Amino acid sequence: MNPHDREARITKMKDGRTHLAYKTEQAVDLDTGAAVALTVQPGDCGDTTTMRSTLAEAGRAVTSLAGRKAQPDTVTPGTAVSESGVKRVVADKDYHSKRELRALAEVGIASVTAEPERKRQKWTGQAAEQAAVYVNRRRLQTKTGKALTRRRGELIERSFAHLYDTGGMGRVHLRKKSNIAKRAFIHATAFNLSVILRHLLGVGTARQAADLRTALCFWLIVLSRAAETALELIGPHPRQYCWPRRRSQSSRKTATLSTGC
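Residues numbered from 1 in each chain as written. Predicted model: local features only at pLDDT ≥ 70, side-chain atom pairs only at ≥ 80, totals over all residues. Heavy atoms only, no water.

With that settled, the discussion passes to the confidence of the model for the protein. Predicted confidence across the protein gives a mean pLDDT of 78, with 79% of residues reaching 70 or more. By mean pLDDT, the top-scoring element of the protein is helix H3 (residues 127–141) (91), and the lowest-scoring one is strand S4 (residues 74–76) (51). Contacts from residues 68–73, a stretch scored under 50 in pLDDT, to residues over four places away or in other chains number 15 contacts. The model gives residues 78–83 a pLDDT under 50, and that stretch makes 33 contacts with residues more than four places away or in other chains. (pLDDT = per-residue confidence, 0-100. Helix = DSSP H or I, 4+ residues; strand = E, 2+ residues; numbered from the N terminus. Contact = heavy atoms within 4.5 Å.)

Here it is, written out as C-alpha cells:
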C-alpha cells in the first residue's frame, strides 16, 4: 500500500510489471459519439465489477441533461434507457457476465454484449441467468445488434484514441484518485468539445483545421491559375476603339491675323 495514496491497488501491466494504479472507464453515446460518463476505478477490479458504477453515472448524466427521463439513447460500454436514463448497453466481451446480464434484464435494460468463447455452461439453478444470456446472444445475431457492435467499435475506439493515445492519458503519473479524475475529466471535456466543433464546423482538432486551411489555400491557387489561363485563351476583345489623344495647349498652332497696316 502506498502511504501517500491508499486507494491505489496493485495492477499488472501488459508487459508483466506491476504498479499501484487506477483505471478509467467511460460510456459513450452511440448517437453522437460524445462521452457521457467517465469514472476512475481501482486497478485490481475487473470490467464486470465496475460496469454498474459507470452505468449509474451515465444514467444520471443523461437524465440530468434531458431534464426528465432520458429519451431513447444508446451508450457504450454499458448503457441503456429505463429509469436509469439509458436504453441499451453495447459492450465488448470483457463485460460479459451471467450475473451482470441478469441484473440488466431485471431493470429493463437491453444488453448487446459480445460473448467470449467458453466451454459448455451448466445452468442448474440459474434459469434467470440462462434466459438473459440467450436473449443477449440472439440480439447479437440480428442486423441491429451487428450494426450497434460495428458502431461501438468505431466510436469507442475513436474516444480511446483521442483520450489515451493522442491525448497521452495512457499513463498519468499522479497521486490520489481525485487528481486523476480531474485530469481525465478535462480531457473528456476537450473531446466532447471537439465533437461539437466537428458537427458545427467540420473540423474538431487542430490538425484537421490545419489540413482544411492548406486545402483552402491550394484551391484558391488552382482557381487563380485557371482564371489566368482562361483570360489568355480568350484574348483581347475584337472590337476596340482607339480614341485620339488630346493634345496639350503648348503643342497647338495659333493663327495670327494681320490687317496689313
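From this point, the discussion proceeds with the structure in view.
All right, on to the nonpolar core then. Counting residues in hydrophobic clusters, the biggest one holds nine residues: Ala35, Leu38, Leu163, Tyr164, Met169, Ala184, Ala188, Phe191 and Val195. Looking at this core, the elements with two or more residues in it are strand S3 (35–42), helix H4 (143–165) and helix H5 (177–201). Other than its neighbours up to four places away in sequence, Val195 contacts Thr32 and Gly33. Core analysis: the second largest hydrophobic core is formed by eight residues, Leu30, Leu140, Leu148 and Leu155 among them. (Core = buried A, V, L, I, M, F, W, Y, C linked by side-chain atoms within 4.5 Å. Buried < 20%, exposed > 50% of the residue type's maximum accessible area, 1.4 Å probe, protein only.)

Next up on the list: the layout of surface pockets. Considered as a void within the structure, the largest pocket measures approximately 1400 Å³ in volume. Along the walls of the largest pocket sit 38 residues, with Tyr22, Lys23, Thr24, Gly170 and Arg171 positioned nearest its centre. Elements with a contribution of two residues or more to the lining of the largest pocket: strand S1 (9–12), strand S2 (18–29), H4 and H5. At eight residues, S2 tops the list of elements feeding residues into the lining of the largest pocket. (1 Å grid on protein atoms, 1.4 Å probe; cavity = no way out; pocket = protein on both sides within 12 Å on 5 of 7 lines; lining within 4 Å. Points joined across faces, edges and corners; volume = space filled by probe spheres on them.)

Next up on the list: the packing of aromatic side chains. Following the criterion strictly, the structure yields two aromatic pairs and no others. With a centroid separation of 6.0 Å and 75° between ring planes, the pair formed by Trp123 and Tyr134 is classed as edge-to-face. Of this pair, Trp123 sits in the loop between strand S6 (110–113) and H3 while Tyr134 sits in helix H3, placing them eleven residues apart in sequence. (Phe/Tyr/Trp six-rings, centres within 6.5 Å; stacked < 30°, edge-to-face > 60°.)

Our next topic: the pattern of salt bridges. Counting across every chain of the model gives nine salt bridges. Between Arg52 and Glu100 there is a salt bridge whose closest N-O contact spans 3.0 Å. Placement of Arg52 in helix H1 (residues 47–66) and of Glu100 in helix H2 (residues 98–106) is noted, with a sequence separation of 48 residues between them. Linking Arg60 and Glu57 is a salt bridge whose minimum nitrogen-to-oxygen distance equals 2.8 Å. A residue pair is termed a helical-turn pair when its members lie 3 or 4 positions apart in one helix, as Arg60 and Glu57 do in helix H1 at three residues. (Salt bridge = Lys/Arg side-chain N within 4 Å of Asp/Glu carboxyl O.)

With that out of the way, let us pick up the side chain of Gln26. Looking at the secondary structure, you find Gln26 in strand S2. In this structure Gln26 comes out as buried when scored by relative accessible area, which is 3%. Within the structure, the side chain of Gln26 is placed 2.7 Å from the side chain of Ser159, a separation counted as a polar contact. Engagement of the side chain of Gln26 in a polar contact is seen with the side chain of Tyr164, the distance being 3.2 Å. (Polar contact = N/O pair within 3.5 Å; in protein donor to acceptor, adjacent residues only side chain to side chain.)

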